[in-house]
Amino acid sequence: MSIEALIFDVDGTMADTEEAHRTAFNLAFERFRLGWKWSRDDYRLLLRTTGGKERIAAYIGQLELTRAERRRLYELVPGIHAEKTRFYSAVVADGAVPFRDGIARMLDEAISAGYRLAIASTTTAVNVDALLQSNLGTHGLEMFSVIACGDQVRAKKPAPDIYRLALRHLELPADRCIAFEDSANGLRAAVAAGLWTVVTPTFWTEGSDFASAGLLLPNLGDPGSPLRGEPGNRLRSSAWLTLDELTQRATPPLAHCAVRALYQVSP
Ligand code: XBP
Ligand code: MG
């Protein structure tokens, strides 16, 4: 099967965004005078819940509160999250959050080779727009055939729904696509949707269970920022992940497919 599309997660994968998210959450909590402040350690644990609204609700769920107070706070979640999104998207729109090493290069290589690009993210749509436009320019969104994100699906990662939605809009089977992720939740979602997945963890997700990843790297690397110990440690051809090596790795060897097909044909 030949690869036809690359599907990117956003937060942590395309850019290391979670410190900006954490800061935006804390600014929103201040604005609502809640007395909450998420430390880096708090946030690393809270990131196990995907989706900002769901993360705030999970935090409220673990506080010692009266039933009435808990209900009052739950009702505030959409407003708190909207304020957080205003803070976050403004910071990103100002260009404060650059793409990770290798992302811009991989996008360009894929487009030049005639592959289609897609997004499958848990984050809010306005955040995706801000990040793509600040890093790729006003036409940045046009590089992507499909942008599946945020509340377009009810069940967020690790559920496969957002990846299945992206595949449906691409009108491609999973084995014609490759996913890029940074977290255990994201990897589980992509693998459950049948996708071969490259994982590039960040500080917020390193040390998680990435056993089902097709390839695990610190980042995609670039000629200007080669990966230490490559080629040889994990990569075969260069000190950065090239589109050629990526697609060779994601496509099982033809012989293997042929033998398997023969086996399935013969009774
Ligand atoms: C990561 C998430 C998001 C962000 C915060 O999304 O789980 O919730 O942490 O963004 P992904 P929102 O890795 O799938 O891109 O507050 O907009 O949810
Ligand atoms: Mg992510």
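You'll find the structure just up there.
Residues numbered from 1 in each chain as written. Chains lettered and ligands numbered in written order. Predicted model: local features only at pLDDT ≥ 70, side-chain atom pairs only at ≥ 80, totals over all residues. Heavy atoms only, no water.

(A) Just the coordination of the magnesium ion (ligand 2), in detail. Ligation of the magnesium ion (ligand 2) by protein atoms is provided by Asp9 (OD), Asp11 (O) and Asp182 (OD), these donors lying 2.1 to 2.3 Å from the ion. Counting along the primary sequence, the residues that act as donors to the magnesium ion (ligand 2) give the motif D-x1-D-x170-D. Judged by relative accessible area, Asp9 falls into the buried class, the value being 4%. (Donors = N, O, S within 2.8 Å, 3.2 Å for Na, K, Ca; no water. Buried < 20%, exposed > 50% of the residue type's maximum accessible area, 1.4 Å probe, protein only.)

(B) Layout of the sheet that holds strand 4 (residues 177-181). Spatially, the six strands line up as an open sheet ordered 3-2-1-4-5-6, and their pairing is parallel. Looking at the sheet topology across the chains shown, the edges are occupied by strand 3 (146-149) and strand 6 (215-216). Looking at chain direction, strand 2 (residues 116-121) and strand 3 are connected through four bridges and run parallel. Residue pairing across strands places Ala120 opposite Ala148, the latter belonging to strand 3. This element, helix 6 (residues 125-136), spans strand 2 and strand 3 of the sheet and lies at about 135 degrees to strand 3. Across the sheet, helix 8 (residues 184-192) touches strand 4 and strand 5 (196-199), and the angle it forms with strand 5 is around 165 degrees. (Pairing = 2+ DSSP bridges. Helix = DSSP H or I, 4+ residues; strand = E, 2+ residues; numbered from the N terminus. Contact = heavy atoms within 4.5 Å. Axes fitted to C-alpha atoms, helices over the stretch in contact; angles between N-to-C directions.)

(C) Spotlight on the state of the cysteines. Applying the stated rule across the entire model yields zero disulfides. Unpaired in terms of disulfides, Cys149 finds its nearest cysteine sulfur in Cys177, a separation of 18 Å. Classification of Cys149 as buried rests on a relative accessible area of 4%. (Disulfide = S-S within 2.5 Å.)

(D) Seen up close, helix 1 (residues 18-31). Taking 1.5 Å per residue, 14 residues should reach 20 Å; helix 1 reaches 20 Å between its end C-alpha atoms and fits that length. Within the span of helix 1, buried status applies to Glu18, Ala20, His21, Arg22, Ala24, Phe25, Asn26, Ala28 and Phe29. As for helix 1, its buried residues are in contact with helix 2 (40-46), helix 3 (52-61), helix 4 (67-93) and helix 6. Trailing helix 1 by a residue or two, Arg33 shows a phi angle of about 50 degrees, which is positive. (Expected span 1.5 Å × (residues − 1).)

(E) Representation of the side chain of Lys157 in the model. Tracing the backbone shows Lys157 in the loop between strand 3 and helix 7 (161-170). From its side chain, Lys157 meets the backbone oxygen of Ala120 in a polar contact 2.9 Å long. In this view, Lys157 contacts Asp9, Thr50, Ala120, Ser121, Thr122, Ile162, Tyr163, Glu181, Asn185, Gly186 and Ala189; residues no more than four positions away in its chain are not counted. (Polar contact = N/O pair within 3.5 Å; in protein donor to acceptor, adjacent residues only side chain to side chain.)

(F) Broad picture of the pattern of salt bridges. According to the stated counting rule, one finds 14 salt bridges in the structure shown. For Lys156, the salt bridge is made with Glu54, and the minimal N-O distance between the two is 3.2 Å. Here Lys156 is found in the loop between strand 3 and helix 7, whereas its partner Glu54 is found in helix 3, with 102 residues between them in sequence. Take Lys156: its relative accessible area is 13%, and that puts it in the buried class. The exposure class assigned to Glu54 is partly exposed, which follows from its relative accessible area of 29%. Two residues, Glu69 and Arg72, come together in a salt bridge whose shortest N-O distance is 2.9 Å. Within this pair, Glu69 and its partner Arg72 are both found in helix 4, separated by three residues, close to a single helical turn. Overall, Glu69 belongs to the partly exposed group, its relative accessible area being 26%. (Salt bridge = Lys/Arg side-chain N within 4 Å of Asp/Glu carboxyl O.)

(G) Structural view of the site of ligand 1. Neighbouring residues of ligand 1: 20 residues in total, closest Gly52, His81, Lys84, Ser121 and Thr124. The contact in question runs from an oxygen atom of ligand 1 to an N or O atom on the side chain of Asp9, over 2.8 Å. Interatomic distance of 2.9 Å between a side-chain N/O atom of Arg55 and an oxygen atom of ligand 1. Considered on its own, ligand 1 offers 440 Å² of accessible surface; in the complex 96% of this is hidden by protein. Those elements that provide at least two residues to the shell around ligand 1 are helix 1, helix 3 and helix 4. Per element, the largest residue contribution to the shell around ligand 1 is three residues, and it comes from helix 1. Counting contributing residues per domain, the shell around ligand 1 is built from domain 1 (5-15 + 98-250) and domain 2 (18-93), each supplying no fewer than three. (Near = heavy atom within 4 Å. Areas by Shrake-Rupley, 256 points an atom, 1.4 Å probe, with all protein chains shown as cover. Domains from an automatic or database assignment.)

(H) Up close: the nonpolar core. Leu6, Phe8, Met14, Met106, Phe180, Leu241 and Leu246 are the most contacted members of the largest nonpolar core, which has 37 residues in total. Counting only elements with at least two residues in this core, the list comes to strand 1 (5-8), helix 1, helix 4, helix 5 (103-112), strand 2, helix 6, strand 4 and helix 9 (243-250). Counting the residues that make up this core, at least three belong to each of domain 1 (5-15 + 98-250) and domain 2 (18-93). In this view, Met14 contacts Phe8, Asp9, Phe99, Arg100, Ile103, Leu107, Ile119, Leu131, Leu132 and Phe144; residues no more than four positions away in its chain are not counted. Residues Val146, Ile162, Leu165 and Ala193 belong to the second largest nonpolar core, which totals 21 residues. (Core = buried A, V, L, I, M, F, W, Y, C linked by side-chain atoms within 4.5 Å.)

Geometry only, nothing functional implied.
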